[in-house]
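In case you want the letters, here they are:
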Amino acid sequence: MKNFITVGPCFAAALLFGAAAPALATPAAPAACQFRADAPDRHVVVRGDTLWDIAGQFLQQPWCWPTVWDMNRDDIANPHWIYPDQVIWFDRAAGRLRLGDNTAAGNAPGVATERRSPAVRSSAVDAGAIPSIAPAAIEPFLSQPLIIENDELARAPRIVATEDGHVFIGQGDKAYVRGDLGGVTTFQVYRPGRPLQDPDSGQVLAHEAYYLGTVTVQARAGAGSDVHTVRATSTREEMGKGDQLIALAPAPAQNYVPHAPATRIAAKVLSVHGGVTYAGRNQIVSINRGKLDGLDIGSVLRLYHAGKTVRDSTAPTGWFGREQQVRLPDEQVGSLFIFRVFGRVSYGLIMQATAPVVVGDTATSPE
């Protein structure tokens, strides 16, 4: 089995995101990676494949994908394009994966192959390329924020009145909005939900939000007024006074490669989507770390249950016959693929789970 070490440079979050990383953010330690003992010689990409699935065929840890393609941090930060009918083959001598064509046959002697890396572009999502992870589970989270951070919440335009004084409006109805529209014509409408509180500091990091629908600006405020007229163009739920408008943003690319974070991450699960207590494979959780902490799309974290504290009845007792208490080791229960990143909060899809994931579980950099 071929062993290799991640050697790509670990840039600070400030370089990746144009914002200063907190003082606690430190470069992640190089992580040891290994190919699977049963890794195939080649894989023909088919529609429905994901980068995660393909990586899992060759690698014990899918987040080692950048290493076996000799990708640097700039490559990781751009969408990663692999297409159906391309052939990925295992160059066992070099400990690397290669792209060939339909006639490639792994490492068979005398067979010509092209030593190409996956195409890296900064353009919009290519519909023909395979995604990092299955898009069905995360689609609503790409087009709708569902998390609104405090500064965005404070400055968001809001509905102050409805047509004819109705309590709520539906599709086709008019409403009146105050706030800076910033030249935007189409907005998503949200109702702020429960706050997401950092379990360590107690600080409110963001608010969950209920998506209500979309509105389009019909008439902007005239001279001497700050009230705009909008019309509901789609509704999932009825809208009313106090509901807030967020500019419709383009969905992020889905082709970011699985990789270890550039900085050491120690996060906790804040919530399980849907308000349920337990989460398993292909369910979505939020964590209390974001791009300001060094996370980016495609980062992979390990999920752990905190070890319980138990009494050791086998050890000598202390004063007054009190038994010693010991803390059991943390238990790894799964892996988390980060697919949507905000300032201090991120969404992740649970890719593997050996036990239910609960609020308060830890999510840490793979090492």
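Residues numbered from 1 in each chain as written. Predicted model: local features only at pLDDT ≥ 70, side-chain atom pairs only at ≥ 80, totals over all residues. Heavy atoms only, no water.

J.: What's the story with the overall build of the protein chain in this structure? I'm lost.
T.: Helix and strand counts for the protein chain stand at six helices and 26 strands. The buried share of the protein chain, reckoned over its 367 residues, is 44%. Total accessible area computed for the protein chain in this model is approximately 17700 Å², and 52% of it derives from carbon and sulfur atoms. (Helix = DSSP H or I, 4+ residues; strand = E, 2+ residues; numbered from the N terminus. Buried < 20%, exposed > 50% of the residue type's maximum accessible area, 1.4 Å probe, protein only. Areas by Shrake-Rupley, 256 points an atom, 1.4 Å probe, with all protein chains shown as cover.)

J.: Help me understand unusual backbone geometry in this model?
T.: Across the chain, the bulk of peptide bonds are trans and the bulk of non-glycine residues have phi less than zero. At Asp164, a position not held by glycine, the phi torsion is positive, near 60 degrees. Accessibility expressed as a relative area gives 67% for Asp164, which makes it exposed.

J.: What exactly am I supposed to notice about the side chain of Thr229 here?
T.: Within the fold, Thr229 resides in strand β14 (residues 227-235). On the basis of relative accessible area, Thr229 is assigned to the buried category, the value being 16%. Residues in contact with Thr229, not counting those within four places in the same chain, are Lys174, Ala175, Tyr176, Thr216, Val217, Gln218 and Ala219. (Contact = heavy atoms within 4.5 Å.)

J.: I tried to follow the pattern of salt bridges on my own but got confused; where do I start?
T.: Two side chains that carry opposite charge are able to pair once their charged atoms sit near each other. Across all of its chains, the model carries 10 salt bridges by this definition. Taking the shortest distance from any N to any O, the salt bridge between Arg36 and Asp38 comes out at 2.9 Å. A residue is classified by how much of its surface remains accessible, and Arg36, at 32% relative accessible area, is partly exposed. Close ionic contact of Asp200 with Lys268 constitutes a salt bridge, the shortest N to O distance being 3.1 Å. Residue Asp200 is located in the loop between β12 (186-197) and β13 (204-219), and its partner Lys268 is located in strand β17 (residues 266-272); the two are separated by 68 residues in the primary sequence. In this structure Asp200 comes out as partly exposed when scored by relative accessible area, which is 48%. (Salt bridge = Lys/Arg side-chain N within 4 Å of Asp/Glu carboxyl O.)

J.: Teacher, can you tell me more about the sheet that holds β17 here?
T.: The strands that make up a sheet pair up through hydrogen bonds in the backbone, lying either parallel or antiparallel. Taking strand neighbours around the barrel as the criterion, the six strands line up as β17-β19-β24-β23-β20-β26 in a closed arrangement whose pairing is antiparallel. Across this sheet, the average inter-strand angle for adjacent strands is 45 degrees, counted without regard to direction. Bridge analysis of strand β20 (residues 300-305) against strand β26 (residues 362-364) gives three bridges, and the strand direction is antiparallel. By the bridge assignment for β26, Arg302 is matched with Thr364. (Pairing = 2+ DSSP bridges. Axes fitted to C-alpha atoms, helices over the stretch in contact; angles between N-to-C directions.)

J.: When you look at the nonpolar core in this model, what are you seeing that I'm missing?
T.: Counting 50 residues, the largest nonpolar core has Phe58, Trp65, Ile88, Leu97 and Phe339 as the members making the most contacts within it. The element contributing the most residues to this core is helix α2 (residues 51-58), with five residues. Judged by nonpolar contacts, the second largest core, of 19 residues, contains Ile265, Val333, Leu336 and Val357. (Core = buried A, V, L, I, M, F, W, Y, C linked by side-chain atoms within 4.5 Å.)

J.: Explain the sheet that holds strand β5 (residues 87-91) to me, please; I cannot follow it from the model alone.
T.: If you trace the three strands from one edge of the open sheet to the other, you get β3-β5-β6, paired in antiparallel fashion. This sheet does not close on itself; its edge strands, each paired only once, are β3 (42-44) and β6 (96-100). Across the sheet, the mean angle from the axis of one strand to that of its neighbour is 20 degrees, orientation sign disregarded. Note: β3 against β5, three bridges, orientation antiparallel. Paired with Val44 across the bridge in β5 is Val87. Where α2 meets the sheet, it contacts β3, β5 and β6, and its direction lies at approximately 155 degrees from that of β3.

J.: What is the right way to look at the pairing of strand β11 (residues 174-178) in this model?
T.: With burial as the criterion, only one face of β11 is covered, namely that bearing Ala175 and Val177; the residues Lys174, Tyr176 and Arg178 on the opposite face remain uncovered. As paired strands, β11 and β14 are joined by five bridges and run antiparallel to one another. Pairing of Arg178 across the sheet is with Val227, part of β14.

J.: I tried to follow the environment of Met71 on my own but got confused; where do I start?
T.: One can find Met71 in the loop between α3 (65-68) and α4 (73-76). Along the primary structure Met71 and Val257 are separated by 186 residues, whereas in three dimensions their C-alpha atoms are 9.9 Å apart.

J.: Explain the pairing of β17 here, please?
T.: Across the seven residues of β17, five count as buried, placing the element largely inside the fold. Of the strand pairs in this sheet, β17 and β26 are connected by three bridges, and their pairing is antiparallel. For Ala267, the partnering residue across the bridge sits in β26 and is Ala363. The pairing of β17 with strand β19 (residues 284-287) spans three bridges and is antiparallel. From the neighbouring strand, Val269 faces β19, where its bridge partner is Ile287.

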